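The primary structure of each chain is shown beneath.
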Amino acid sequence: MTVRKIVKYGTPSLREKSKEVHKISKKVQILVDDLYDTLYAANGVGLAAPQIGENLRVFVIDVGMDAKTMNPITFINPKILKKEGAVNSYEGCLSFPEAYTNVRRYSYVKVKALDIKGRPFILEASEGSLLARAIQHEFDHLDGVLFIDHSRNRFEADKILTEKGLNPIDAKYLLEETELEEEIQKQPVQEEKKID
Ligand code: ZN
């Protein structure tokens, strides 16, 4: 049970693809405990193993807002089975202190993963929910993708990053998300809850 140091944006390992877990060993159990300890200490919604320096396909999410509504969910070797709809939201990341930018996401996802006991489960995250967005955000970390790669406005994102003393966007990582953007444009403007 340790609060680990969170790897910050600019560290090359955040851009690496993480490896599958082959066995839920004691080491993996400790990693998951440390992810939760670090997540709760930082008041975050989700945290992926590469963010504490372990390039393994593991992340944890808790969208509960306080001790009463705690809802920790552990995802090991996750696969996204289905994604639909589009949503626009402000996101942050514990690897990017205080920087929030406007990003594109699918509004619904269905994911399959193993829990800490190695049992497979399937989870559907409802349309536009914080959980649906958090799953996509954390899943991305396992492939070296960061939330700023989904930015809707590169110049606005660069301004925010620079203000926070972080490197601006590197164009080679920006994702072309034309279909998602078209979906978003069709929708009425809505305020989304921030996540990090
Ligand atoms: Zn993140």
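Cut-offs and rules
- Residues numbered from 1 in each chain as written.
- Predicted model: local features only at pLDDT ≥ 70, side-chain atom pairs only at ≥ 80, totals over all residues.
- Heavy atoms only, no water.
- Buried < 20%, exposed > 50% of the residue type's maximum accessible area, 1.4 Å probe, protein only.
- Phe/Tyr/Trp six-rings, centres within 6.5 Å; stacked < 30°, edge-to-face > 60°.
- Helix = DSSP H or I, 4+ residues; strand = E, 2+ residues; numbered from the N terminus.
- Lys NZ or Arg CZ within 6 Å of the ring centre and 35° of its normal.
- Contact = heavy atoms within 4.5 Å.
- Donors = N, O, S within 2.8 Å, 3.2 Å for Na, K, Ca; no water.

**Q** Please clarify how unusual backbone geometry should be interpreted in this entry.
**A** If a residue is not glycine, its phi is most likely negative; likewise, a peptide bond is most likely trans. Even without being glycine, Asn 43 reaches a positive phi, approximately 55°. Its identity as a non-glycine residue notwithstanding, Asn 77 has a phi of 50°, on the positive side. For Asn 77, a relative accessible area of 10% puts it in the buried group.

**Q** Explain the packing of aromatic side chains here, please?
**A** All told, the structure shown has five aromatic pairs when counted by the stated rule. Between Phe 59 and Phe 75, the ring centres sit 4.6 Å apart and the planes meet at 25°, which makes this aromatic pair stacked. Highlighted residues: Phe 59 in strand S2 (residues 58–62) and Phe 75 in strand S3 (residues 72–84), separated in sequence by 16 residues. Of the two residues, Phe 59 and Phe 75, neither departs from the other in class, the shared state being buried. Each residue in the set Tyr 9, Phe 96 and Phe 147 is aromatic and connected to the rest through ring pairs, giving one cluster. Geometry around Tyr 173 places Arg 15 over its ring, the cationic atom sitting 3.5 Å from the centre. In this structure, Arg 57 is placed above the aromatic ring of Phe 139, and the distance from its NZ or CZ to the ring centre is 5.8 Å.

**Q** Can you walk me through the environment of Ala 157 in this structure?
**A** In this structure, Ala 157 sits in helix H3 (residues 154–163). Sequence separation between Ala 157 and Asp 62 is 95 residues, and the spatial gap between their C-alpha atoms is 26 Å. Once residues within four sequence positions are removed from consideration, Ala 157 is found in contact with Thr 101, Ser 151 and Ile 169.

**Q** Looking at this structure, I do not really get the coordination of the zinc ion. What am I missing?
**A** For a metal with four tetrahedral donors the ideal donor-metal-donor angle is 109.5 degrees, while six octahedral donors give ideal angles of 90 or 180 degrees. All of the protein donors around the zinc ion are Cys 93 (SG), His 137 (NE2) and His 141 (NE2); their distances to the metal are 2.0 to 2.2 Å. Mapped onto the polypeptide sequence, the residues donating to the zinc ion form the spacing pattern C-x43-H-x3-H. Within this pair, His 137 and its partner His 141 are both found in helix H2 (residues 130–142), separated by four residues, close to a single helical turn. Each member of the pair, His 137 as well as His 141, is classed as buried.

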